[in-house]
Amino acid sequence: PIYTGSRLSGTESSTILLAQAATSVRDGVRADVVLQALTVYWGWAKAVHALGVLDAAVRRMAAHAADIRNMHEAGLVTDNEMLATDVLVDRTRLALEQAQRQVERARARIRFVSGIELSSNSVPERIDSDGDTGVPDESGLLDVALKSRPERTARDMEVNAARELAKAARGAFYPQVYLTARYEQANPNILNIPPVAEWKGDVFVGVSISLNVLDWGLTRAKVEEADERAAQAQLRLRHQEEQILLEVKEERIALLDALERVDLSSRVVKSAVRNLDVATNLWKNGVARHSDVLDAHARLTDAEFETAAARADVTLARAALAHAVGKTSMPGAER
């Protein structure tokens, strides 16, 4: 072919672009897998650290319950006060058992995602979000996301591929010019006149031009179909961009929320510790009720649990935000 009205070049360019789009889709899937792995890992870390908080709470309240029993035997506290203490200890132990089940579920998720069976003595990295308060500007994140997300890149290439196919479809409106060259041998060779019963060769060189003059609107319909597919690809691109922008905003808000929870829960823990000390001293001096002490123990446990959860959520939120802007780090790959 010498001239095809962009039929061949448009089809070739479209195929190349679709291959590149498939590569970007693969990169997006890999980033999703990395995020899933990070999510289950830090979910396990969150469960382990929550388990440690509840274990410490059980030991603290069990020691208090032992003191109450001794005082009960000495006639210094009532049966009701001892029973209320035992109830709180048992409730905390129940929460500890639930946390243990949560750790086991997290380990099962890690096995499902990675195929790795964690050893019984495996421990996650320490969650430390102290001093981690930086949150990038939203407009900057949105710009980076639109440039870096492989899903958006794939949709953009699909749009260009569809446009190239539309250009190739329009090639049917134009003449098709072909150069033909041929050499053959035959016995007899009927192209030699008169034919002789022996092997003879012949050479043929020519130029052919074809033009589809009457196709009952088929070419026009195919061009319209290709244009509509290109418009459809453009809508998919726009939808992908809107989805990415929404995801970035949501993950940034989640990070801000987690950081705020870390700050507030840390202050609450300090207040809960002081509250427990004050309530215990007042009770020992006969100024406060024992129920106030139990309430102080419960508040401290809740505050410590919330702090551990919030710190883990900060790490998870940062991983999700990195994924949203297309900056998920892939082991063994250079970005």
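One structure accompanies this document, and this report is about it. On a predicted model such as this, the values are computed, not experimentally measured, just so you know.

Regarding its fold elements, the protein presents six helices and two strands. Order of helices (α) and strands (β) in the protein, N terminus to C terminus: α-α-α-α-β-β-α-α. A compact globule built from 335 residues should have a C-alpha radius of gyration of about 20 Å, whereas the protein, at 36 Å, is more than 25% larger. Considered along the principal axes of its C-alpha atoms, the protein spans approximately 135 × 45 × 35 Å. Of the contacts formed within the protein by residues at least 6 apart in sequence, a portion of 80% connects residues at least 24 apart. Accessible area for the protein stands at about 20300 Å²; split by element, carbon and sulfur atoms hold 56% of it.

Quick look at helix 5 (residues 218–284) now. In this model, helix 5 (67 residues) spans 95 Å end to end at C-alpha, consistent with the 99 Å of a helix rising 1.5 Å per residue. One or two positions beyond helix 5, positive phi appears at Gly-286, with a value near 75°.

It is worth spelling out the packing of helix 1 (residues 7–73) against helix 2 (residues 79–114) at this point. As a packed pair, helix 1 and helix 2 sit with axes 8 Å apart at the nearest point and diverge in direction by 160°. The pairing of helix 1 with helix 2 is recorded here as roughly antiparallel in orientation. Where helix 1 crosses over helix 2, the two elements pack in a sense that is left-handed. Partitioned by chemical class, the residues of the contact of helix 1 with helix 2 number 24 nonpolar, eight polar and eight charged.

An α-helix turns once every 3.6 residues. As a result, residues three or four positions apart point the same way. Inspection of helix 3 (residues 138–148) places Leu-141, Leu-142, Ala-145 and Ser-148 among the buried residues, and these make up the whole buried set. The buried residues of helix 3 occupy one face: seen down the axis, they fall within an arc of 145°.

Moving on to unusual backbone geometry. In this model, Asn-187 is joined to Pro-188 through a cis peptide bond whose omega is 0°. Each neighbour pair has its own omega, and for Ile-193 with Pro-194 the value is -5°, a cis peptide bond. Relative to the elements of secondary structure, Pro-194 occurs in the loop between strand 1 (176–186) and strand 2 (200–210). With a phi angle near 70°, Ser-6 is a residue other than glycine that sits in the positive phi range.

The subject of this paragraph is the packing of aromatic side chains. What the rule picks out here adds up to two aromatic pairs. Aromatic side chains Tyr-41 and Trp-42 sit 5.1 Å apart centroid to centroid with 85° between the ring planes, which places their arrangement in the edge-to-face category. The class for Tyr-41 is partly exposed, based on a relative accessible area of 23%. With relative accessibility at 12%, the residue Trp-42 sits in the buried group. On the numbers, 5.7 Å between centres and 75° between planes, the contact of Tyr-41 with Trp-44 is edge-to-face. Separated by three residues within a single helix, Tyr-41 and Trp-44 lie in helix 1, roughly one turn from each other. Judged by relative accessible area, Trp-44 falls into the buried class, the value being 3%. What links up through ring pairs into an aromatic cluster is the set Tyr-41, Trp-42 and Trp-44.

This part is about the pattern of salt bridges. Applying the stated rule across the entire model yields 22 salt bridges. One salt bridge connects Arg-152 with Glu-241, and the closest N-O pair in it is separated by 2.8 Å. Placement of Arg-152 in helix 4 (residues 150–170) and of Glu-241 in helix 5 is noted, with a sequence separation of 89 residues between them. In this structure, Arg-267 engages Asp-263 in a salt bridge whose closest nitrogen and oxygen atoms are separated by 2.5 Å. Of the two residues, Arg-267 and Asp-263 both sit in helix 5, four residues apart, roughly one turn of that helix. For Arg-267, a relative accessible area of 44% translates into the label partly exposed. For Asp-263, a relative accessible area of 39% translates into the label partly exposed. Residues participating in the shared-partner salt-bridge network are Lys-46, Asp-257, Arg-261, Glu-306 and Asp-313.

Next up on the list: the packing of helix 1 against helix 4. Close contact between helix 1 and helix 4 brings their axes to 8 Å; oriented N to C, the two are set at 165°. Looking at the two axes, helix 1 sits roughly antiparallel to helix 4. As helix 1 packs across helix 4, the resulting crossing turns out to be left-handed. Split into classes, the residues belonging to the contact of helix 1 with helix 4 amount to ten nonpolar, ten polar and six charged.

Cut-offs used in this document
- Residues numbered from 1 in each chain as written.
- Predicted model: local features only at pLDDT ≥ 70, side-chain atom pairs only at ≥ 80, totals over all residues.
- Heavy atoms only, no water.
- Helix = DSSP H or I, 4+ residues; strand = E, 2+ residues; numbered from the N terminus.
- Rg over C-alpha atoms; globule rule 2.2 N^0.38 Å.
- Contact = heavy atoms within 4.5 Å.
- Areas by Shrake-Rupley, 256 points an atom, 1.4 Å probe, with all protein chains shown as cover.
- Expected span 1.5 Å × (residues − 1).
- Axes fitted to C-alpha atoms, helices over the stretch in contact; angles between N-to-C directions.
- Parallel < 35°, antiparallel > 145°, perpendicular 65-115°, else oblique.
- Left-handed = near helix turned anticlockwise from the far one by under 90°.
- Nonpolar A, V, L, I, M, F, W, Y, C, P; charged D, E, K, R; others polar.
- Buried < 20%, exposed > 50% of the residue type's maximum accessible area, 1.4 Å probe, protein only.
- Arc of directions from axis to C-beta.
- Phe/Tyr/Trp six-rings, centres within 6.5 Å; stacked < 30°, edge-to-face > 60°.
- Salt bridge = Lys/Arg side-chain N within 4 Å of Asp/Glu carboxyl O.

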